[in-house]
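Structural overview
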Amino acid sequence: MSTLAPFETRRSFLIGSAALVAVTLSERLGAAPSPAGGFVMWHSPGCGCCIEWSKRVEAAFGRKLPILEVPNLARVKDAQAVPTDLRSCHTALIGGYVIEGHVPPADIRRLIGSRNRTIRGLAVPGMPAGSPGMDVGHDRRDPYQVIAFAAGGRRRLFARHG
């Protein structure tokens, strides 16, 4: 049973529906969708670290991050042009940028503040221990990198952590 008010439930349903339609259309048209005003996350059903990461994003941005569970996350990643070797367990659109995996909210804010439109998105490949959402229940902290990626396969180091 949902703890959301009826309005919030309808709003979440509408945002989710719009996001799924946008992904489907973008796959057919080859365009990058921007559902929910560019503030949405897709993940596989049952992935708890994704939910933990979304809580960090919500706290940093002061708003609810719509979360969509999808059975075929690869289709979303393909539609958002996330390079295969940079993929992780969830994909988001935030501030007009693709955010792949456990990217720290501070790095997302820095990218948005830069208004750099040559960058398509940021990625933390894999699921490094100690990254936001992967830091629950243990003290292990692995060093990891945040990679900025652009059209045509261009990429560069955006940040180092750990």
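Here, the structure is the one placed above.
Overview of the structure. (Residues numbered from 1 in each chain as written. Predicted model: local features only at pLDDT ≥ 70, side-chain atom pairs only at ≥ 80, totals over all residues. Heavy atoms only, no water.)

1. Looking at the pattern of salt bridges
Counted only if it meets this: When a carboxyl oxygen of Asp or Glu lies within 4 Å of a side-chain nitrogen of Lys or Arg, that pair is called a salt bridge. Secondary structure counts use DSSP, requiring at least four H or I residues in a row for a helix and at least two E residues in a row for a strand, with both numbered from the N terminus.
Taken as a whole, this structure holds seven salt bridges when the rule is applied. Taking the shortest distance from any N to any O, the salt bridge between Asp135 and Arg56 comes out at 3.0 Å. Taken as a pair, Asp135 in the loop between β5 (121-124) and β6 (144-149) and Arg56 in helix α2 (residues 48-61) lie far apart in primary sequence, 79 residues in all.

2. A short note on the environment of Pro71
Rules: Relative accessibility decides the category of a residue: with a 1.4 Å probe and only protein chains considered, values under 20% of the type maximum give buried, values over 50% give exposed, and everything between is partly exposed.
Among the secondary structure elements, Pro71 is positioned in the loop between β2 (67-69) and α3 (73-79). On the accessibility criterion, Pro71 (81% relative accessible area) is exposed. Counting along the chain gives 28 residues from Pro71 to His43, while the straight-line C-alpha distance between them is 8.3 Å.

3. Digging into the environment of Ala92
Convention followed: Here, residues are in contact when the closest pair of their heavy atoms is within 4.5 Å.
Within the secondary structure, Ala92 sits in strand β3 (residues 90-94). Each C-alpha atom of the pair Ala92 and Lys77 lies 9.4 Å from the other, and the pair is 15 residues apart in sequence. The contacts of Ala92, once residues within four sequence positions are left out, are Val40, Met41, Trp42, Trp53, Tyr97, Val98 and Ile99.

4. Structural notes on the pairing of β6
Rule in force here: Pairs of strands are assigned from DSSP output, requiring at least two bridges between the strands.
With five of six residues buried, β6 lies mostly within the body of the structure. Inspection of the sheet shows β5 paired to β6 by three bridges, in the antiparallel sense. Looking at β6, one finds that Gly121 is bridged to Phe149. Pairing of β6 with strand β7 (residues 155-161), which is carried by six bridges, proceeds in the antiparallel orientation. Bridge pairing links Gln145 to Arg160 in β7. Connecting β6 to the next strand, β7, in antiparallel fashion are five residues, including Gly152 with a positive phi near 75°.

5. Focus on the environment of Ala148
Mapped onto the elements, Ala148 comes out in strand β6. Accessibility expressed as a relative area gives 3% for Ala148, which makes it buried. The sequence separation of Ala148 and Arg120 amounts to 28 residues, and the corresponding C-alpha distance is 7.5 Å. Discounting chain neighbours no more than four positions away, the residues touching Ala148 are Ile119, Gly121, Leu122, Arg154, Arg155, Arg156 and Phe158.

6. Quick notes on the packing of aromatic side chains
To be explicit about the condition: Aromatic contacts are taken between Phe, Tyr and Trp rings whose centres are within 6.5 Å, Trp giving its six-membered ring; a plane angle under 30 degrees counts as stacked, one over 60 as edge-to-face, and the others as tilted. To sit over a ring, a charge needs its Lys NZ or Arg CZ within 6 Å of the ring centre and within 35 degrees of the ring normal.
In this structure the tally under the stated criterion is one aromatic pair. A cation sits over an aromatic face here: Arg63 above Phe39, 4.0 Å from the ring centre. If you follow Arg109 out to its NZ or CZ, it ends over the ring of Phe61, 4.5 Å from the centre.

All quantities given are derived from atomic positions and should not be read as evidence of function.
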